[in-house]
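So the chains spell out like this:
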Amino acid sequence: MTRNFGDEHAINAETRKLKRELTLLPLFGLIYFTVCGGAFGAEPMVGWSGPGLALLLFILAPIFFSIPNMLMVREMQSMMPVEGGYYHWLKKAFGPFAGFMGGWMNWVVSWVDVSIYPVLAAYYLGYFIPALREGTTIGGVFVSSTWLSFLVALVLIWLVSALNVRGARLAGLTTNWLGLVMLLPLIALTVIGFAVWIKSGTPVHLPFLPGGEEVNFRNLMGALSTGIFVAMWNFMGWELPAAAGDEIVNPKKTYPLAMVLVLVAAIATYSLPTLAGLYGGAGEDGRYQVWGIEEYESGAGIGPVLEEYGVAPEQAESWGVDPSSSVGWEFPDIAHVISDKLMGQKDGMLARVMGGLVTFSAVLSMIGLFIGNGLGGTRIPFAMAADGMMPKFMVKVHPRYGTPWVAILFCGLIYSIFSLSAFAALVVIDVFLNMLVLMAQFFALWKLRFDLPDLPRKAVPGGWVGLLLVTLAPGLIIALAIYSQYVEEGMASISWALISMVIGAVVYFPIRKWIKPGVPDVDPFVASGEDE
């Protein structure tokens, strides 16, 4: 391969412009909104898996899924603390094709996953702006809710893209403020729920499985297959911000500490509001069965779902639940219920205020999730371009702000396209692709232990036994998640994922032939910018 020193010099000149400014606090915010992003997402665990199993999963998921992930990321990131993160981990372990495919697959995941958050933010805003859910007439022309929501999503996408161009530290500090404001209504919800619990003396016992089903192997596996999938989704993403390795101050120390703090915050964020809701009135007399459920078929309503658990339409209506609605209770509804329980009235002022505040919290959560998850999605194409595996224009760094501005804006364009509702069905591909890449990272951990045993690293404790335990638990959970997706979504979801993988494999070869020549490999073991 002919070495083009002009390309090499130009790329090195660009990468040296990256600003290393992510200290502990902004990095904490970015990881928090990549992994968690608030209590939202815990509701389906209660409705589909039962309150007892859901609370148990809040303990088991971090132990058997998050902590192994964190230990894997800590070891890999301590060896290769550079921009691109897992792209370089896989490349060093299995070669350039595997590295490219890992980066490509997770980049595709970001197109369809990250793009959903602005759309969901627009949906929650519909609580305050009914036109976003009902449509409106502008200048004599009716504009549908779909297009209005799309316009709101576009505004959010480009505002956040501009924020990311302005600097990783500013984006991280923004997530800190978003998180602080977002948590205040959830803290209020928690306080109200526990106050009701103390006042009413609700017994600690709640059914373990939905509908009070008997705890046997068949029922447990049915509830667990859904619950563990949701729990995994609520506690994953630890490796994604590592893609900004050259923008983190002292990454070998800062990143592991930030992960530990995020884990504590995530457990508290999910479990405390859930406990408060369950024992504060939104879980009593079977009401927990409404949490987070969705209709089986469009237009059928949640009535048939509730009837499977013995909840008649009349009973649901007595709870204030419309059986014809498409979704059950989410945290804004739960806040409304427990506030009324506290005040001893129906649809009182406190309930309306709390419902609105928690809805606003959900809007902030979606924006934060977009910022946090978008960080990794924008850094991967930049890192691959610096390594000669993406078009060279992606490697441009802003001369003032020190961010990969071209990659950020290019991803913003992709997110804008995929935020159209027509692409919503493609979201199912992210489970399969994300799980494959995550499992490949564990295999890379093993491979590099064999190939580079003397390389300095923050190794998974316990030697080979510890490494086996750390790999086994997530491996089983990932296998179950893929199987559950196949059972629930059918072959179509996997087909879309396979098509995207084939596209990646096809584009690899022309990139390798026409873009890579003259661009040397990035040394993943040397952090740029400043000494560690």
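Structure: above.
Now for a description of the structure that goes with this document. A quick note: this is a predicted structure, and the numbers were derived from the prediction, not measured.

Below, the discussion takes up the overall build of the protein chain. Check the secondary structure of the protein chain and you find 20 helices and 2 strands. Taken over the C-alpha trace, the protein chain has a radius of gyration of 24 Å; the compact-globule value for 532 residues is 24 Å, and the two agree within 12%. Overall, the C-alpha framework of the protein chain stretches about 75 × 65 × 40 Å when taken along its three principal axes. By the burial criterion, 56% of the 532 residues in the protein chain qualify as buried. In the protein chain, 80% of the contacts between residues at least 6 apart in sequence involve partners at least 24 apart. Approximately 21,500 Å² of the protein chain is accessible, and the part contributed by carbon and sulfur atoms is 68%.

Let us now look at a negative patch on the surface. Taken together, the side chains of Glu 307, Glu 314, Glu 317 and Asp 322 make up a negatively charged region of the molecular surface. Turning to its location among the elements, Glu 307 is positioned in helix H13 (residues 303-308). On the accessibility criterion, Glu 307 (47% relative accessible area) is partly exposed.

Glancing now at the environment of Phe 40. Note that Phe 40 resides in the loop between helix H2 (24-35) and helix H3 (43-49). Put simply, Phe 40 and Trp 319 are 279 residues apart on the chain and 22 Å apart in space, counted from C-alpha to C-alpha. Ignoring sequence-local partners within four residues, the contact set of Phe 40 consists of Leu 186, Tyr 270, Phe 331, Pro 332, Val 358, Ser 361, Ala 362 and Ser 365.

Further remarks concern the pattern of salt bridges. Under the defined criterion, the tally for this structure stands at 12 salt bridges. Via salt bridges that share partners, Lys 91, Asp 387, Lys 516 and Asp 521 belong to a single interconnected network.

Turning next to empty space enclosed by the protein. Taken as a whole, this structure holds 3 cavities of 30 Å³ or more when the rule is applied. In terms of lining, the largest cavity is formed by Val 160, Ser 161, Asn 164, Phe 370, Gly 374, Thr 378, Ile 408 and Tyr 415. Elements represented by at least two residues in the lining of the largest cavity include exactly helix H9 (145-166), helix H16 (349-386) and helix H17 (405-418). Residues belonging to the lining of the largest cavity are distributed by class as follows: 4 nonpolar, 4 polar and no charged.

We now examine the packing of aromatic side chains. Inspection of the entire model under this criterion finds 27 aromatic pairs. Ring plane angle 75 degrees and centroid distance 6.3 Å describe the contact between Trp 104 and Trp 107, whose orientation is recorded as edge-to-face. Separated by 3 residues within a single helix, Trp 104 and Trp 107 lie in helix H6 (residues 96-113), roughly one turn from each other. You'll find Trp 104 and Trp 107 in the same group, each marked buried. Taken together, the aromatic side chains of Phe 97, Phe 100, Trp 104, Trp 107, Trp 111, Phe 393, Phe 410, Phe 418, Tyr 508 and Phe 509 make up a single cluster linked through ring pairs. The aromatic ring of Tyr 123 is capped on one face by Arg 133, whose charged end is 4.3 Å from the ring centroid. Lying over the aromatic face of Trp 464, Arg 449 brings its terminal NZ or CZ to 5.8 Å of the ring centre.

This next bit is on helix H7 (residues 116-125). Every buried residue belonging to H7 is among Tyr 117, Pro 118, Ala 121, Ala 122 and Tyr 124, and all of these are buried. The buried residues of H7 occupy an angular sector of 165 degrees when the element is viewed end-on, so they sit on one face. Of the surrounding secondary structure, the elements contacted by the buried residues of H7 are H6, helix H8 (131-134), H9 and H16.

Another aspect to go through is the nonpolar core. Burial of nonpolar side chains together is a common tendency in soluble globular proteins. Formed by 153 residues in total, the largest nonpolar core has its most connected members in Ile 31, Met 76, Phe 100, Trp 107 and Trp 238. The biggest single contributor to this core is H16, with 16 residues. Those residues within four positions of Trp 238 in sequence are excluded, and the remaining contacts are Ile 31, Val 35, Ser 66, Asn 69, Met 70, Val 73, Tyr 255, Met 259, Val 262 and Leu 263.

Below, the discussion takes up the packing of H7 against H9. Interhelical geometry of H7 versus H9 gives an angle of 125 degrees and a closest axis separation of 8 Å. One way to sum up the angle between H7 and H9 is to call them oblique. Once H7 is placed against H9, the crossing between them reads as right-handed. Only Ser 149, Val 152, Ala 153, Leu 156 and Ile 157 of H9 make contact with H7, whose side of the interface consists of Pro 118, Val 119, Ala 121, Ala 122 and Leu 125. Among the residues forming the contact of H7 with H9, the class breakdown is 9 nonpolar, 1 polar and no charged.

It is worth spelling out unusual backbone geometry at this point. For Asp 285, which is not glycine, the phi torsion reads 55 degrees and is therefore positive. With respect to the secondary-structure elements, Asp 285 resides in the loop between helix H12 (251-282) and H13. A residue is classified by how much of its surface remains accessible, and Asp 285, at 58% relative accessible area, is exposed. A positive phi angle, near 55 degrees, is found at Asp 347, a position not held by glycine.

The next point concerns a nonpolar patch on the surface. Among the surface-exposed residues, Tyr 127, Phe 128, Ile 129, Trp 177, Leu 180, Val 181 and Phe 360 lie close enough to one another that they form a single nonpolar patch of about 700 Å² accessible area. In terms of residues, the nonpolar patch owes the most to one element, helix H10 (residues 168-200), which gives 3 residues. Its location among the elements puts Leu 180 in helix H10. Residue Leu 180 is classed as partly exposed on the basis of its relative accessible area, which comes to 47%.

Glancing now at the layout of surface pockets. Computed from the structure, the second largest pocket encloses a volume of approximately 750 Å³. Lining the second largest pocket we find 32 residues, and of these Gly 320, Trp 329, Asp 333, His 336 and Val 337 sit closest to its centre. Within the residue set of the lining of the second largest pocket, elements represented by two or more residues are H7, H12, helix H15 (331-343) and H16. Examining the composition of the lining of the second largest pocket, we find that 6 residues originate from one element, H15, more than from any other. Across the lining of the second largest pocket, the residue classes break down as 11 nonpolar, 11 polar and 10 charged.

Let us now look at the side chain of Asn 373. Take Asn 373: it is sitting in helix H16. Classification of Asn 373 by relative accessible area gives buried; the value is 8%. Within the local environment of Asn 373, its side chain forms a polar contact with the backbone oxygen of Phe 33, the two atoms lying 3.3 Å apart. Beyond its immediate stretch of four places on either side in the chain, Asn 373 contacts Phe 33, Thr 34, Val 114, Tyr 117 and Leu 240.

Each value, and the rule that gives it
Residues numbered from 1 in each chain as written. Predicted model: local features only at pLDDT ≥ 70, side-chain atom pairs only at ≥ 80, totals over all residues. Heavy atoms only, no water. Helix = DSSP H or I, 4+ residues; strand = E, 2+ residues; numbered from the N terminus. Rg over C-alpha atoms; globule rule 2.2 N^0.38 Å. Buried < 20%, exposed > 50% of the residue type's maximum accessible area, 1.4 Å probe, protein only. Contact = heavy atoms within 4.5 Å. Areas by Shrake-Rupley, 256 points an atom, 1.4 Å probe, with all protein chains shown as cover. Patch = residues over 30% accessible without salt bridge, like charges linked within 9 Å, V, L, I, M, F, W, Y side chains within 5 Å. Salt bridge = Lys/Arg side-chain N within 4 Å of Asp/Glu carboxyl O. Lys, Arg positive; Asp, Glu negative; His and termini not counted. Charge placed at Lys NZ, Arg CZ, Asp CG, Glu CD. 1 Å grid on protein atoms, 1.4 Å probe; cavity = no way out; pocket = protein on both sides within 12 Å on 5 of 7 lines; lining within 4 Å. Points joined across faces, edges and corners; volume = space filled by probe spheres on them. Nonpolar A, V, L, I, M, F, W, Y, C, P; charged D, E, K, R; others polar. Phe/Tyr/Trp six-rings, centres within 6.5 Å; stacked < 30°, edge-to-face > 60°. Lys NZ or Arg CZ within 6 Å of the ring centre and 35° of its normal. Arc of directions from axis to C-beta. Core = buried A, V, L, I, M, F, W, Y, C linked by side-chain atoms within 4.5 Å. Axes fitted to C-alpha atoms, helices over the stretch in contact; angles between N-to-C directions. Parallel < 35°, antiparallel > 145°, perpendicular 65-115°, else oblique. Left-handed = near helix turned anticlockwise from the far one by under 90°. Polar contact = N/O pair within 3.5 Å; in protein donor to acceptor, adjacent residues only side chain to side chain.

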